[in-house]
2 protein chains.
Amino acid sequence: MSSEKPSLEVCLSPALLHLYNTAGSVVVIIDIFRATSTITAALHNGAASVIPVASVQDCIAIGNSLPNSLTAGERDGKIAPGLQHGNSPLEYPTDFVQGKTLVLTTTNGTRLLHMVKDAAQIVIGSFLNLSVVCDYLLAQNKNVLLGCASWKDKYNLEDTLFAGAVVSRVGHAFEVNCDAARGARHLFNSTGGSNFINFLRDSSHYRRLSAYGLEEDMEYCVTPDKHPVLPLLQGDRIVAVR
Amino acid sequence: MSSEKPSLEVCLSPALLHLYNTAGSVVVIIDIFRATSTITAALHNGAASVIPVASVQDCIAIGNSLPNSLTAGERDGKIAPGLQHGNSPLEYPTDFVQGKTLVLTTTNGTRLLHMVKDAAQIVIGSFLNLSVVCDYLLAQNKNVLLGCASWKDKYNLEDTLFAGAVVSRVGHAFEVNCDAARGARHLFNSTGGSNFINFLRDSSHYRRLSAYGLEEDMEYCVTPDKHPVLPLLQGDRIVAVR
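Predicted, not measured: the structure shown is a model, and the values here were computed from it.

Reading the values: the criteria
- Residue positions are given per chain, counted from 1 along the sequence in the order it is written.
- Ligands are numbered from 1 and chains lettered from A, in the order in which they are written.
- Local features are withheld for residues below a pLDDT of 70 in this predicted model, meaning they are given only at 70 or higher, and side-chain atom pairs are given and counted only at 80 or more; totals for whole chains, interfaces and linings count all residues.
- Secondary structure elements are taken from DSSP: a helix is a run of H or I of four residues or more, a strand is a run of E of two residues or more, and numbering for both begins at the N terminus.
- What the globule rule says is 2.2 Å times the number of residues to the power 0.38, and the radius of gyration is computed from C-alpha atoms.
- Exposed residues have 12 or fewer other C-beta atoms within 10 Å of their own C-beta, buried residues have 20 or more, and residues in between are partly exposed; the C-beta atoms are placed from the backbone.
- The contact criterion used here is simple: two residues whose C-beta atoms, placed from the backbone, lie within 7 Å are in contact.
- Our superposition of the copies is a least-squares fit, built on the C-alpha atoms of residues whose pLDDT is at least 70 in both.
- We call a set of buried Ala, Val, Leu, Ile, Met, Phe, Trp, Tyr and Cys residues a nonpolar core when their C-beta atoms link them within 7 Å.
- Under the scheme applied here, ten amino acids are nonpolar (Ala, Val, Leu, Ile, Met, Phe, Trp, Tyr, Cys and Pro), four are charged (Asp, Glu, Lys and Arg), and all others, including Gly, are polar.
- Axis definition: a line fitted to C-alpha atoms, limited for helices to the stretch in contact. Angles are taken between N-to-C directions and run from 0 to 180 degrees.
- Here the word oblique covers every angle except those under 35 degrees (roughly parallel), over 145 (roughly antiparallel) and from 65 to 115 (roughly perpendicular).
- Relevant arc is that of directions from the helix axis to the C-beta atoms, nothing else.

A.B. asks: Even after reading the chapter, I still don't get the overall build of chain A, so can you show me in this structure?
C.D. replies: The helix and strand tally for chain A stands at 10 helices and 10 strands. Its C-alpha radius of gyration of 17 Å places chain A within 12% of the 18 Å reference for a compact globule of 242 residues. In terms of overall dimensions, chain A has C-alpha extents of about 50 × 40 × 30 Å along its principal axes. By the burial criterion, 55% of the 242 residues in chain A qualify as buried. Taking the contacts inside chain A whose residues are at least 6 apart along the sequence as the reference set, 79% of them involve residues at least 24 apart.

So, in structure tokens, the structure goes:
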């Protein structure tokens, strides 16, 4: 084993993904509001797997073909026509989701996940499983890319803040020569390490989602370690590794 | 005149420029290390104009065709073969540059400048003319995009820090609903508003340029208001407006 540390980088937008070499790396997909938070919560609450799909149409088709599945996804803050459920981590308690397959369509998070082709492993990251993700990254001894799903390719504060939390926790074990990682860490440090929802109140996503009455959702999504589970992509499904 | 404030946004990389509507806007080009710093210094020291060009070949050709011109540009921290001078703001004192046309080739800054097609005005921004740029933006009552040249399309700390300084100074007069602008402002605030060079010592560009012995250059480049001049693009030339 080389004595050199593996690298840790942050990609701030799917539109910048081509700048990074993800071959053989661990890539963490980050879509705090709310895809990766919902996936984390559903899997921790016992969902058999989550199948992320790009379109509502695919979601319906896959849902129809799979027994014991739920279709879910939102467009503009409402359950998309033809689907059964929304994109809130609060919608998937254990007694509802246990043993079921969640077929989930989201825009930003799913797109980024499908763009990464050659990673050694794709991990779903959120505040809800922050420590589990950090422990996993520390154990792998592989290069890491933290991939922010962003919002329609624009930098967003909540995904960057989570990336900064990870850099702050695990950076010591990596070579961090990436200004996006440094910037994310500065952002995280400027919060004092807590009360993230207060910090995020002045953000584009908070403004947009609070117009749909989703304040409670967002507060839930930035609660560290509420759902300690490791969601990994295996084939076309995300499954929980405990 | 509408009572609504114009918008202020930050574009963190040329690769994200297509996400922003620059029609009728004021676009500030930011390439702190070192293109926009050098342009600002040369113009304040009396250069007649600066012609930014993409390639060394174009630089030589235009230099040959223009009387009283200087060709300048670096590749990998050294004067590019065929050119006369480098890309340091310290190379262009008044007694050298007065009345001359500087034909300058840089990679990141020039590229971004040439990518912006429909702006009302393109301004060259650097710490060296921070206050002049801010005063100009406040006076225009137009939408503003702060465009970071970045480094090969990757986010960099020094350009974002400058963008944050501008957002911090003029944000009150604009509608700032842009997470990149908020993030830049948080970054700026985390410096305490001074000693930027100390903050930037742990950055990719500082590491790269200090390997070429350019520490003094970089310290100069982050000195606020040393060259109070307003460089505007007019046709294919950047000229000083005092």
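There's more to say after this.
A.B. asks: Can you walk me through the relation of the copies chain B and chain A in this structure?
C.D. replies: Relating one copy of the chain to the other takes a rotation about an axis and a shift parallel to that axis. Least-squares fitting of chain B to chain A yields an RMSD of 0.0 Å, with the transformation described by 0.0 Å of translation along the axis and a rotation of 180°. Here the symmetry operator amounts to a two-fold rotation axis. Comparing interface residues between copies, 100% of those in chain B also lie at the interface in chain A; the contact surface is shared.

A.B. asks: What exactly am I supposed to notice about helix H5 (residues 130-140) of chain A here?
C.D. replies: Because an α-helix completes one turn every 3.6 residues, residues spaced three or four positions apart along the sequence face the same direction. Leu130(A), Val132(A), Val133(A), Tyr136(A) and Leu137(A) are the residues of H5(A) that are buried. Of the surrounding elements, those touching the buried residues of H5(A) are strand S2 (26-30), strand S7 (121-125), strand S8 (144-148), helix H6 (157-170) and strand S9 (230-234) of chain A.

A.B. asks: Would you explain the nonpolar core in this entry?
C.D. replies: Nonpolar side chains tend to gather and get buried jointly when the protein is soluble and globular. Counting residues in each nonpolar core, the largest one holds 160 residues, and the members touching the most others are Val10(A) and Val10(B). Not counting residues within four places of it along the chain, the set of residues in contact with Val10(B) comprises Leu146(B), Ala163(B), Val167(B), Cys178(B), Ala180(B), Ala181(B) and Ala184(B).

A.B. asks: What should I look at first to understand the environment of Met115(B) in this one?
C.D. replies: All names here are of chain B. The topology assignment puts Met115 in helix H4 (residues 108-115). Of the residues examined, Met115 has 15 C-beta atoms within 10 Å and is grouped as partly exposed. Apart from the residues lying within four places of it in its own chain, the contact partners of Met115 are Pro14 and Leu17.

A.B. asks: Is there a simple way to think about the interface of chain B and chain A in this case?
C.D. replies: Where interface size is given, it is often the accessible area lost as the parts come together that is meant. Opposite the 24 residues of chain B that make contact, chain A presents 24 residues. Counting residues per element, the ones that place at least two in the side of chain B that touches chain A are helix H6 (157-170), helix H7 (179-190) and helix H9 (204-210) of chain B. By residue number, the principal contributor to the side of chain B that touches chain A is H7(B), which donates eight residues. When its residues are assigned to classes, the side of chain B that touches chain A shows eight nonpolar, 10 polar and six charged.

A.B. asks: Looking at this structure, how should I read the packing of H6(B) against H7(B)?
C.D. replies: Helix-helix packing: each pair is described by the crossing angle between the helix axes and the interaxial distance. Residue and element names in this part refer to chain B. Following both chains from N to C, one finds H6 and H7 inclined at 95°, their axes separated by 7 Å at the closest point. Comparing their axes, H7 and H6 come out roughly perpendicular. In this structure, H6 uses Thr160, Leu161, Ala163, Gly164, Ala165, Val167 and Ser168 to contact H7, whose residues at the interface are Ala181, Ala184, Arg185, Leu187, Phe188 and Asn189.

A.B. asks: Got a minute to help me understand the environment of Thr36(B) in this structure?
C.D. replies: Position of Thr36(B) among the secondary structure elements: in helix H1 (residues 35-44). Other than its neighbours up to four places away in sequence, Thr36(B) contacts Ile29(B), Ile30(B), Asp31(B), Gly109(B), Ile124(B), Gly125(B) and Ser126(B).

A.B. asks: Sorry if this is basic, but what is going on with unusual backbone geometry here?
C.D. replies: Negative phi characterises most residues that are not glycine, and trans characterises most peptide bonds. Note that the residue after Phe33(A), namely Arg34(A), is joined by a cis bond; omega there is 5°. One can find Arg34(A) in the loop between S2 and helix H1 (35-44). Phi at Asp153(B) is positive, roughly 75°, even though this residue is not glycine. Its location among the elements puts Asp153(B) in the loop between strand S8 (144-148) and H6. Residue class for Asp153(B) comes out partly exposed when judged on the 18 C-beta atoms lying within 10 Å of it. If you check the backbone angles, Asp225(B) has positive phi at about 65° while not being a glycine. You can see Asp225(B) is positioned in the loop between helix H10 (215-221) and strand S9 (230-234).

A.B. asks: So what exactly am I meant to see when it comes to helix H2 (residues 56-65) of chain A here?
C.D. replies: All names here are of chain A. Among the residues of H2, those classed as buried are Cys59, Ile60 and Gly63. End-on, the buried residues of H2 take up no more than an arc of 95°, which puts them together on one face. Opposite the packed face of H2, turned more than 90 degrees from it, sit the exposed residues Gln57 and Ser65. Of the surrounding secondary structure, the elements contacted by the buried residues of H2 are strand S3 (49-53), strand S4 (69-75) and strand S6 (101-105).

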